[in-house]
Amino acid sequence: GMTPELRPPSVPRAPAEPPAGPGAAAAPRRAAAPRVLVVEDDYFAGLACEAALTEAGLAVSAVATSGEEALALAEADPPDLAVMDIRLAGRMDGVE
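Residues numbered from 1 in each chain as written. Predicted model: local features only at pLDDT ≥ 70, side-chain atom pairs only at ≥ 80, totals over all residues. Heavy atoms only, no water.

## Points about the sheet that holds strand 3 (residues 81–84)
Strands sit in the order 2-1-3 across an open sheet of three strands; the sheet is parallel. Taken across any chain shown, the strands that pair with only one partner, and hence form the sheet edges, are strand 2 (59–64) and strand 3. Adjacent strand axes in the sheet meet at a mean angle of 25° when their direction is disregarded. Bridge analysis of strand 1 (residues 35–39) against strand 2 gives five bridges, and the strand direction is parallel. What sits directly across from Leu37, in strand 2, is Ala62. Its contacts with the sheet place helix 1 (residues 43–55) against strand 1, strand 2 and strand 3, and it is angled at close to 170° to strand 2. Against the sheet, helix 2 (residues 67–76) touches strand 1 and strand 2, its axis set at about 140° to strand 2. (Pairing = 2+ DSSP bridges. Helix = DSSP H or I, 4+ residues; strand = E, 2+ residues; numbered from the N terminus. Axes fitted to C-alpha atoms, helices over the stretch in contact; angles between N-to-C directions. Contact = heavy atoms within 4.5 Å.)

Right, here's the structure in full:
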């Protein structure tokens, strides 16, 4: 694999919480960070990808090193999205 260049998405900031007290509106709930499955057979590229995604405010659910491992992880705990290396070692590539 090759080292991905990632840029954080523009994520809107949650509005400031209103002051607490009688008649105050409830604080808005913050949505959970999207969960990402990283599929990368190069250890260092996987680490870099995980760090960039985490810094961008996303939650990395797992890092798989093969297509087969990625399928098993996605079936057991479906992510919101996957970041895939398309040239994976093994029988399956990232396109399959």
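Further notes follow.
## Section: the pattern of salt bridges
Going through the model one piece at a time under the given rule, you end up with one salt bridge. Asp77 is the partner of Arg35 in a salt bridge, and the nearest nitrogen-oxygen pair spans 2.5 Å. Here Arg35, found in strand 1, pairs with Asp77, found in the loop between helix 2 and strand 3; they are 42 residues apart in sequence, far enough to count as distant. Its relative accessible area of 25% is what places Arg35 among the partly exposed residues. Take Asp77: its relative accessible area is 40%, and that puts it in the partly exposed class. (Salt bridge = Lys/Arg side-chain N within 4 Å of Asp/Glu carboxyl O. Buried < 20%, exposed > 50% of the residue type's maximum accessible area, 1.4 Å probe, protein only.)

## Quick word on the packing of aromatic side chains
All told, the structure shown has one aromatic pair when counted by the stated rule. Ring centres of Tyr43 and Phe44 lie 5.2 Å apart, and the angle between their planes is 80°; on these two criteria the pair is classed as edge-to-face. Phe44 carries the same exposure label as Tyr43, and that label is exposed. (Phe/Tyr/Trp six-rings, centres within 6.5 Å; stacked < 30°, edge-to-face > 60°.)

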